[in-house]
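Below, each chain spelled out in residue letters.
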There are 2 protein chains.
Amino acid sequence: MTAVLVVDDDPHLLRALRITLRAHGYEVTVAEDGQSALLATARTPPALVILDLGLPDMDGTAVLAKLRGWSQVPVLVLSARHGSEDKVQALDAGADDYITKPFGLDELLARLRALLRRRADPDHEPVVATDAFTVDLGKHRVTRDGEDVRLTPTEWKMLEVLVRNPEKLITQQQLLSEVWGPAYAKETNYLRVYMAQLRRKLEPDTATPRHLLTEAGIGYRFQP
Amino acid sequence: MTAVLVVDDDPHLLRALRITLRAHGYEVTVAEDGQSALLATARTPPALVILDLGLPDMDGTAVLAKLRGWSQVPVLVLSARHGSEDKVQALDAGADDYITKPFGLDELLARLRALLRRRADPDHEPVVATDAFTVDLGKHRVTRDGEDVRLTPTEWKMLEVLVRNPEKLITQQQLLSEVWGPAYAKETNYLRVYMAQLRRKLEPDTATPRHLLTEAGIGYRFQP
DNA sequence: GGGCACGTTAAGGCAACGTCAAGGTCGTCC
DNA sequence: GGACGACCTTGACGTTGCCTTAACGTGCCC
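Counting restarts for each chain, with residues numbered from 1 along the sequence as it is written. To label them, take the chains in the order written and letter them from A, then take the ligands in the order written and number them from 1. Confidence filtering applies because this is a predicted model: local features only for residues at pLDDT of at least 70, side-chain atom pairs given and counted only at 80 or more, and all residues used for totals across whole chains, interfaces and linings. Excluded from the side-chain calculations are hydrogens and water; all other atoms, namely the structure's heavy atoms, are used.

### Digging into the protein's contact with DNA strand C
Quick note on the threshold: By convention in these notes, a residue is near a molecule or strand provided one of its non-hydrogen atoms lies within 4 Å of it. Pairing of N or O atoms within 3.5 Å defines a polar contact, subject to two protein rules: one partner must be a possible hydrogen donor and the other a possible acceptor, and residues neighboring in sequence count only if both atoms are side-chain atoms. Per the convention used, a helix needs a DSSP run of H or I reaching at least four residues, while a strand needs a run of E reaching at least two, with both numbered from the N terminus. Classification convention: Asp, Glu, Lys, Arg as charged; Ala, Val, Leu, Ile, Met, Phe, Trp, Tyr, Cys, Pro as nonpolar; all other residues, Gly among them, as polar.
Not every one of the 18 residues close to DNA strand C is listed here, only the nearest: R199, T214 and G217 of chain A together with Q172 and T214 of chain B. When the atoms of DNA strand C within 4 Å of the protein are sorted by group, sugar and phosphate make up 63%. Here T214 of chain A contributes a side-chain N or O atom positioned 2.6 Å from a phosphate oxygen of DNA strand C. Here a phosphate oxygen of DNA strand C sits 3.0 Å away from a polar atom, N or O, in the side chain of Y220 of chain A. When contributions to the surface near DNA strand C are tallied by element, the ones reaching two or more residues are α8 (188–202) of chain A together with α8 (188–202) of chain B. Element by element, the count of residues in the surface near DNA strand C is highest for α8 of chain A, at four residues. The residue inventory of the surface near DNA strand C, partitioned by class, reads six nonpolar, eight polar and four charged.

### Things to note about the side chain of E155 of chain B
Residues and elements named next belong to chain B. Definition in use: Accessible area is worked out with a 1.4 Å probe on protein chains only. A residue is then buried under 20% of its type maximum, exposed over 50%, and partly exposed in between. Residue contacts are defined here by distance: any two heavy atoms, one from each residue, within 4.5 Å place the two residues in contact.
In this fold, E155 is placed in helix α6 (residues 153–163). Given the relative accessible area of 2%, E155 is considered buried. Within polar-contact distance, the side chain of E155 engages the backbone nitrogen of T152 at 3.0 Å. Among the polar contacts made by the side chain of E155, one reaches the side chain of K201 at a distance of 2.8 Å. Setting aside chain neighbours within four positions, we find E155 in contact with R150, Y194, Q197, L198 and K201.

### Some points on the packing of aromatic side chains
How we decide: Aromatic contacts are taken between Phe, Tyr and Trp rings whose centres are within 6.5 Å, Trp giving its six-membered ring; a plane angle under 30 degrees counts as stacked, one over 60 as edge-to-face, and the others as tilted.
Following the criterion strictly, the structure yields eight aromatic pairs over all chains and no others. Where W180 of chain A meets Y190 of chain A, the ring centres are 5.2 Å apart and the plane angle is 40 degrees; that geometry is what we call tilted. With W180 of chain A in the loop between α7 (172–179) and α8 and Y190 of chain A in helix α8, this residue pair connects regions lying 10 residues apart in the sequence. The class for Y190 of chain A is partly exposed, based on a relative accessible area of 30%. Ring plane angle 35 degrees and centroid distance 6.2 Å describe the contact between Y184 of chain B and Y190 of chain B, whose orientation is recorded as tilted. The class of Y184 of chain B is partly exposed, set by a relative accessible area of 35%. The rings of W180, Y184, Y190 and Y194 of chain A are connected pair by pair, giving a single aromatic cluster.

### As for the interface of chain B and chain A
Under the convention used in this document: Note: buried area is the sum, over both parts, of the accessible area (probe 1.4 Å) each one loses when the two are combined. By convention in these notes, a salt bridge is any Lys or Arg side-chain nitrogen within 4 Å of a carboxyl oxygen on Asp or Glu.
Each side of the interface is counted separately: chain B has 32 residues, and chain A has 31 residues. Interface area, chain B with chain A, both sides summed: about 2800 Å², of which 41% is carbon and sulfur. Looking only at chain B, the three residues that lose the most surface to chain A are R111, R117 and R118 of chain B, adding up to 21% of its buried area. Inspection of the region where chain B meets chain A yields eight salt bridges.

### Structural notes on the sheet that holds strand β1 (residues 2–7) of chain B
All names here are of chain B. What counts here: DSSP-based pairing: two strands are paired if at least 2 bridges between them are found. All axes here are fitted lines through C-alpha atoms, helices being fitted over the stretch that makes contact, and every angle between N-to-C directions spans 0 to 180 degrees.
Taken in spatial order, the five strands make up an open sheet running β2-β1-β3-β4-β5, and their pairing is parallel. The open sheet has two free edges, formed respectively by β2 (26–31) and β5 (97–100), since each of these has just one partner strand. Strand-to-strand twist across the sheet, computed as the mean angle between neighbouring axes with direction ignored, equals 20 degrees. Bridging between β1 and strand β3 (residues 48–52) involves four bridges; their strand directions are parallel. The residue bridging V6 from the neighbouring strand is I50, located in β3.

### A closer look at the environment of R118 of chain B
Tracing the backbone shows R118 of chain B in helix α5 (residues 105–118). A relative accessible area of 25% places R118 of chain B in the partly exposed class.

### Observations regarding the protein's contact with DNA strand D
By nearness alone, 16 residues border DNA strand D, and T154 and Y190 of chain A together with T152, T154 and Y190 of chain B come closest of all. Protein-adjacent atoms of DNA strand D, using a 4 Å cutoff, are sugar or phosphate at a proportion of 80%. A distance of 2.7 Å separates a phosphate oxygen of DNA strand D from a polar side-chain atom of Y190 of chain A. Sorting the residues of the surface near DNA strand D by element identifies α6 (153–163) and α8 of chain A together with α6 and α8 of chain B as the ones contributing at least two each. When grouped by side-chain class, the residues that make up the surface near DNA strand D number 10 nonpolar, four polar and two charged.

### Examining unusual backbone geometry
Omega for the bond connecting K101 of chain A with P102 of chain A falls within 30 degrees of zero, at -5 degrees, which places this linkage in the cis form. Note that P102 of chain A resides in the loop between β5 (97–100) and α5 (105–120). With a phi angle near 55 degrees, D145 of chain A is a residue other than glycine that sits in the positive phi range. Summarising the element assignment, D145 of chain A is placed in the loop between β8 (141–144) and β9 (147–148). D145 of chain A gets classed as exposed once you look at its relative accessible area, which sits at 70%. In the Ramachandran plot, E167 of chain B falls in the positive-phi region, its phi being about 70 degrees despite a non-glycine side chain. Along the chain, E167 of chain B turns up in the loop between α6 and β10 (169–171). Taking the relative accessible area as the measure of exposure, E167 of chain B reaches 25% and is therefore partly exposed.

Here's what the structure looks like:
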């Protein structure tokens, strides 16, 4: 889950942000002044910081400057001040974005996504692991006992479809059209051949597969 | 010098931007419609794109979507529309920032700096090492047994793409887009020729490469 | 016991890969 | 201005590896 640190001392805004962000799947931590914000960032680095410039203990820009001494974490600045000098100052101090109050929550969320996209693009893909092998969807890689498993393009495509839908039953038609194209819906031969390949490469005991399961007459299922 | 591509069809704004940006040390190129913007980005990739949403030939968001099919270049969107839906739409389409007209030039410049700052500064670029050779991304330099390895520009670009994504599988299309441009997605010949060059210069045993690996039918992978 | 669906294996053809070398283009140096 | 060198492009060739296809074995159910 994506961790976001919200630095603000306005209880109402804080509450609204916390609820909204949580509702959109972010993990939210909170700091109400500059000192604790810096501390929190150092101890458990968040993926992004939302920083209000109006803090009780120190100037927001100063927080930013200190932060930038050792952290590259993306920072989105909130401020009540519309003046362009303030914006310039904050952005040059190291802010990645600047948004003025009052703001729409959907715009805030969109800007947040834009900032996070830059950072966490490739690694956002999950790594699915079983007790026998590991599938890294981002790196496009399969490991077994620490060793790389060589898969052919077709083997990989088929495994990918199954792994992206863990525990879910994938029909033969689904698999065939995803891997070979919709025209191949009758070639169930392919499935048997390639499923055998995958099992030989990935299952400890081919005779009794534990992760690549057959649902006779219907399709296949991946069990993590 | 930092190259900025400005995409806008308003002559006055274009002129103002060109003058201001040049005065601040940027190299400015201009496109007046979506088509030529995409072409320009492909041919001579700028460090940043300033994109006006109101273009004569196609919707700005469509330009953005096409661009994001093959380029990661930071994009700052200009728009006359203040509605939060427009902002959300553009940001989610891949924009990195969104600023509404009229805007202060100093704010624009500040946001521009903020976006460009993210572009890795050479001092913090990683040095990637294998047991056979070392790649210094900041210094733009490759060493092997303490000796400098001479790489041609194309060889370097290709190696850079791979090294920046260690262990990750890079598809042939990705590599071709990044190095030769998106129009060359079919020229897999190039990949074979240049991969052979790189291996000859970097791999101890060309016949059994240990760091520049082929994934037959898909792409290549750098293994540190 | 026959039919059906699935698992397994092996062989053939062909596309993809690695390799080499011959133009072609551009800039540089004499 | 011409010769040279560096680099990119393009084509050809042998080899590897993948996809396809078919044949056979096994377990299950009617």
